[in-house]
Amino acid sequence: MKNLSTILVLAILITCCVTHVRSDASDHRYNDGDAVPLYANKVGPFHNPSETYRYFDLPFCSAGDVKEKREALGEVLNGDRLVSAPYKLEFRKEKDTEVACRRKLTKEEVAQFRTAVKKDYYFQMYYDDLPIWGFLGKVDKEGKTDPSEYKYFLYKHIQFEVMYNKDRVIEIGAKMDPHSVVDLTEDKDVDADFMYTVKWRETNIPFENRMDKYSQSSSLPHHLEIHWFSIINSCVTVLLLTGFLATILMRVLKNDFMKYAQDEEAADDQEETGWKYIHGDVFRFPKHKSLFAAAHGSGTQLFTLTIFIFMLALVGVFYPYNRGALFTALVVIYALTSGIAGYTATSFYCQLEGTNWVRNLLLTGCLFCGPLFLTFCFLNTVAIAYSATAALPFGTIVVIVLIWTLVTSPLLVLGGIAGKNSKAEFQAPCRTTKYPREIPPLPWYRTTIPQMAMAGFLPFSAIYIELYYIFASVWGHRIYTIYSILFIVFIILLIVTAFITVALTYFQLAAEDHEWWWRSFLCGGSTGLFIYGYCLYYYYARSDMSGFMQTSFFFGYMACICYGFFLMLGTVGFRAALLFVRHIYKSIKCE
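Definitions and limits used
Residues numbered from 1 in each chain as written. Predicted model: local features only at pLDDT ≥ 70, side-chain atom pairs only at ≥ 80, totals over all residues. Heavy atoms only, no water. Helix = DSSP H or I, 4+ residues; strand = E, 2+ residues; numbered from the N terminus. Contact = heavy atoms within 4.5 Å. Areas by Shrake-Rupley, 256 points an atom, 1.4 Å probe, with all protein chains shown as cover. Disulfide = S-S within 2.5 Å. Buried < 20%, exposed > 50% of the residue type's maximum accessible area, 1.4 Å probe, protein only. Core = buried A, V, L, I, M, F, W, Y, C linked by side-chain atoms within 4.5 Å. Pairing = 2+ DSSP bridges. Axes fitted to C-alpha atoms, helices over the stretch in contact; angles between N-to-C directions.

Enquirer: Is there a simple way to think about the overall build of the protein chain in this case?
Expert: The helix and strand tally for the protein chain stands at 17 helices and 12 strands. Look at the contacts in the protein chain between residues 6 or more apart in sequence, and 80% of them connect residues 24 or more apart. Accessible area of the protein chain: about 28,200 Å², with a carbon and sulfur share of 60%.

Shown next, in the form of structure tokens:
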């Protein structure tokens, strides 16, 4: 595994370099009158963050040749499609009502703009890598009850206000002039002069801190109070759960150990406590061992990926509007950590005395990537049908396929070979009997589904407050930057998942049910199902998303994310249960 460790270090270094290139590229100094790059990015309905289109998909006019900016992989995955904007903002050069371009809008183009205004379309631009937003128009509903009487107007005058410090751009804002509009209410040809005003103001804010206003938006006092309340709520859950385990579970175990230590020949005592009674079956390998080992390997890789993403976030790689940094990190680190999945799955499969390790390795490689690939194919087809920027270009798809073929797959195979040759044996403190003992009838609340519901509820209750802010950032326009608090919540999630899985495993063994392997994995991963249930609530109660494309993107990609959580937390739950089961059976004398 030494080579895998080296690869992981390289993954972090490569990702840091790739994701920080945007920061270095934007560190420009300008002289008076120098051209500062202004790019138009995309337009789309404000409430549908996935449904975005190229800026010139709407019939805006351009001042000259439109040049496309070359985008990195993460930026393309983020849906960014930058082109040169029709406005020219030279450094420290003020302009008053400058005409960018003139255009005669046909009836069809007027109807196109009216539809965009009706759906609350916004635009996004970047000036020296600083984001700019604005709405395309407004709807006049004052004094009107019938929607057919509404009036629709297109803004045609943008007022830019730019702040600078010596020879650097620090901040930019854009306001739409509500009095300079084009009436789009009727289907008729209209003339539109797209104009802009530029004002420059000096500031003392240093260039290094120009992104602070975006970072601090999620750290406002009233927001921090809610986040700390979330952590306190989670910590109380952890304390109650650990207290329950310490006072109840450990006391019961202590009594069990004392009983077995007093008289090894008293069979009645052994019959009273079920978990000792099944010592010959508790380490019997699970059914579908290849699938179990593959899920364990995939979950371990996703856990490693999550830890590395948190490491990058905590050192400041994912600062606001470092476009595509997160997607780049996810692709690079997932590809370079595939060896961990191969090694973990194959070595564990061989410990379970599996023979067809090649099939197990193929299953490991497809267990998470397979559903993700099928979901992507469907959603990319939808995006192509909508002509949205979420549709990946053919070249980007080729790059991703090459990464999977030349990096992910070879590392997966190398990890599998290393796992097969590790020659590790499964450490079982008790000898397994030849024939399995019959499991006694159990009440309905001890079956798999009720146990999963119980196991998933507590971890979900520890994170649900923070989930809203994550959803509002990923599926909205809020900025989330307090990764330290998110990391604390993540640690609490792992602790609660491990503890509740251990408790339920003990109760299962005490009921003389020795098939705990899959149960512990399912109970640990059940939080992912609760998160997907929260998706339904968020979509219908907390968001204004609509339309087939946005709905399919939201539920499609959230299904993949929740599936990943299921695998990752299932692995955490199983590992905790395995340590616990080994410990209690190692503490007694088993014949």
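Still more ground to cover, so stick around.
Enquirer: I keep staring at the state of the cysteines and nothing clicks. Help me out?
Expert: By definition, a disulfide links two cysteine residues through a covalent bond between their sulfur atoms. Evaluated as defined, the whole model comprises 1 disulfide. Bridging Cys61 to Cys101, the disulfide has an S-S length of 1.8 Å. Disulfide Cys61-Cys101: the torsion about the S-S bond is 75°, which places it as right-handed. Separated by 40 residues along the polypeptide, Cys61 in the loop between β2 (53-54) and α2 (73-77) and Cys101 in strand β4 (residues 95-105) bring together distant segments of the chain. Judged on exposure class, the residue Cys61 and its partner Cys101 are both buried. Its sulfur unpaired, Cys535 is 4.5 Å from the next cysteine sulfur, which belongs to Cys562. Cys560 forms no disulfide, and the closest cysteine sulfur to it belongs to Cys562, at a distance of 9.5 Å.

Enquirer: Where do I start with the nonpolar core in this structure?
Expert: As a rule of thumb, soluble globular proteins bury nonpolar side chains together. Within the largest apolar cluster, 89 residues are counted, with the highest numbers of intra-cluster contacts made by Phe318, Phe471, Leu509, Trp516, Phe554 and Tyr585. Of all the secondary-structure elements, those providing two or more residues to this core are α5 (221-262), α8 (289-314), α9 (325-336), α10 (338-351), α14 (448-474), α15 (483-510), α16 (517-542) and α17 (548-586). Ranked by the residues each element gives to this core, the list is headed by α17, at 17 residues. Formed by 57 residues, the second largest nonpolar core is a distinct cluster that contains Val36, Leu105, Leu136 and Val382.

Enquirer: Can you walk me through the pairing of strand β12 (residues 190-202) in this structure?
Expert: Across a regular strand the side chains alternate sides, sitting on one face of the sheet and then on the other. Note that β4 and β12 share 8 bridges and pair antiparallel. By the bridge assignment for β12, Leu105 is matched with Val190. Where strand β9 (residues 157-165) and β12 come together, 8 bridges link them in parallel fashion. Paired with Val162 across the two strands is Trp200, which belongs to β12.

Enquirer: Hey, could you run me through the sheet that holds strand β10 (residues 168-176) in this one?
Expert: Strand order in this open sheet of 4 strands is β4-β12-β9-β10, and the pairing throughout is mixed. Either end of the sheet is taken by a strand with one partner, and the two such strands are β4 and β10. Across the sheet, the mean angle separating the axes of adjacent strands is 20° when strand polarity is ignored. Packing of helix α3 (residues 107-118) onto the sheet brings it into contact with β4 and β12, and relative to β4 it is tilted by some 120°.

Enquirer: Just to check I follow, could you spell out the environment of His28 for this structure?
Expert: Here His28 shows up in the loop between α1 (2-25) and β1 (38-45). Residue His28 is classed as partly exposed on the basis of its relative accessible area, which comes to 33%. Beyond its immediate stretch of four places on either side in the chain, His28 contacts Asp128, Asp167 and Arg168.

Enquirer: It is not clear to me how unusual backbone geometry should be interpreted in this structure. Could you clarify?
Expert: Excluding glycine, a negative phi dihedral is what most residues carry, and trans is how most peptide bonds are arranged. Notably, Lys166 is not glycine yet its phi reads approximately 60°, a positive angle. Among the secondary structure elements, Lys166 is positioned in the loop between β9 and β10. One non-glycine residue with positive phi stands out, namely Ser387, at about 55°. Of note, Ser387 is situated in the loop between α12 (369-386) and α13 (394-420). Residue classification places Ser387 among the exposed residues on the basis of a relative accessible area of 51%.

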